[in-house]
Amino acid sequence: MSSKTRIVVFHMKEIIYTAIFAALGILLVLLLIFMFLPDHSGKKQTSKEYTPGIYTASMTLNNTPLEVEVSVDKNHINSIRFSNLDESVETMYPLVQPAMEEIAGQIIETQSADQIKSGEDDSYTSNLILDTIQKALKKAEAD
């Protein structure tokens, strides 16, 4: 048996480049896998069931009654608005309508009255409106 000795020479620079590119390739594959896999974090969005209709709840601002109107269908909150807001109330309380629009937008987007962020300058008004909306939504919940 005759054996020939072979000497293989590796350049350290080539080994380092190969290792770096292999690590980047594996990192890219893992990144793509984690980005495009569906989220199984256990957060199931539970939508409440409502009795379809328009529900109202009242609030009082300095002896001025305001009606908050919430429109819902079976699984969704469709709209939230003031039903009897006139110009004199808007003039006396300029933050009421913008606060209502901001809160209504968040509730309709998330379909929940939980964890609503209110502005710092109108926190009292926002909390009053949010409490009134929650009262109307309690009326709308299906039994």
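In the block above lies the structure referred to throughout.
The shown structure was predicted, so the numbers you read here are calculated from the model rather than taken from an experiment.

## Section: the overall build of the protein chain
Helix and strand counts for the protein chain come out as four helices and three strands. Overall, the protein chain shows an N-to-C arrangement of helices and strands of α-β-β-β-α-α-α. For the protein chain, whose C-alpha radius of gyration is 30 Å, the value lies well above the compact-globule estimate of 15 Å for 143 residues. C-alpha atoms of the protein chain, sized along the principal axes, occupy 110 × 35 × 20 Å. Across the 143 residues in the protein chain, those meeting the buried criterion constitute 25%. Sequence separation of at least 24 residues holds for 50% of the intrachain contacts in the protein chain that already meet a minimum separation of 6. Summed over its atoms, the accessible surface of the protein chain is roughly 11100 Å², and 57% of this surface lies on carbon and sulfur atoms. Placing the 12 positive and 19 negative side-chain charges of the protein chain at their respective mean positions leaves the two points 20 Å apart.

## With respect to the pairing of strand β1 (residues 53–61)
Summarising the sheet, β1 and strand β2 (residues 64–72) pair through nine bridges and their orientation is antiparallel. Within β2, the position partnered with Ser58 by the bridge is Glu67. As consecutive antiparallel partners, β1 and β2 are separated by two residues, and within that stretch Asn62 has a phi angle of approximately 50°, a positive value.

## Digging into the nonpolar core
Val70, Ile80, Ile107 and Ile133 are the most contacted members of the largest nonpolar core, which totals 28 residues. Contact partners of Val70, with chain neighbours within four places excluded, come to Gly53, Ile54, Tyr55, Ile77, Ser79, Ile80, Ile133, Ala136 and Leu137.

## Some remarks on the sheet that holds strand β3 (residues 77–82)
Ordered in space as β1-β2-β3, the three strands form an open sheet in which the pairing is antiparallel. Looking at the sheet topology across the chains shown, the edges are occupied by β1 and β3. Strand-to-strand, the axes of this sheet are offset by a mean angle of 20°, without reference to chain direction. Of the strands in this sheet, β1, β2 and β3 touch helix α4 (residues 123–140), which is tilted by about 150° from β1.

## Quick notes on helix α3 (residues 96–110)
Between the first and last C-alpha of α3 there are 21 Å, a value that for 15 residues agrees with the 21 Å anticipated at 1.5 Å per step. Along α3, the positions that sit buried rather than exposed are Val96, Ala99, Met100, Ile103, Ala104 and Ile107. For α3, the arc enclosing every buried residue in end-on projection is 125°, short of the 170-degree limit, so these residues lie on one face. Turned more than 90 degrees away from the buried face of α3 sit Glu101 and Glu109, all of them exposed. Positive backbone phi, at 60°, marks Gln111, one or two positions downstream of α3.

## A look at unusual backbone geometry
Not every positive phi belongs to a glycine, and Asn62 is a case in point at roughly 50°. Along the chain, the position of Asn62 falls in the loop between β1 and β2. Positive phi, close to 55°, is recorded for Gln115, a residue that is not glycine. Within the fold, Gln115 resides in the loop between α3 and α4. The class for Gln115 is exposed, based on a relative accessible area of 77%.

Thresholds, definitions, all that
Residues numbered from 1 in each chain as written. Predicted model: local features only at pLDDT ≥ 70, side-chain atom pairs only at ≥ 80, totals over all residues. Heavy atoms only, no water. Helix = DSSP H or I, 4+ residues; strand = E, 2+ residues; numbered from the N terminus. Rg over C-alpha atoms; globule rule 2.2 N^0.38 Å. Buried < 20%, exposed > 50% of the residue type's maximum accessible area, 1.4 Å probe, protein only. Contact = heavy atoms within 4.5 Å. Areas by Shrake-Rupley, 256 points an atom, 1.4 Å probe, with all protein chains shown as cover. Lys, Arg positive; Asp, Glu negative; His and termini not counted. Charge placed at Lys NZ, Arg CZ, Asp CG, Glu CD. Pairing = 2+ DSSP bridges. Core = buried A, V, L, I, M, F, W, Y, C linked by side-chain atoms within 4.5 Å. Axes fitted to C-alpha atoms, helices over the stretch in contact; angles between N-to-C directions. Expected span 1.5 Å × (residues − 1). Arc of directions from axis to C-beta.

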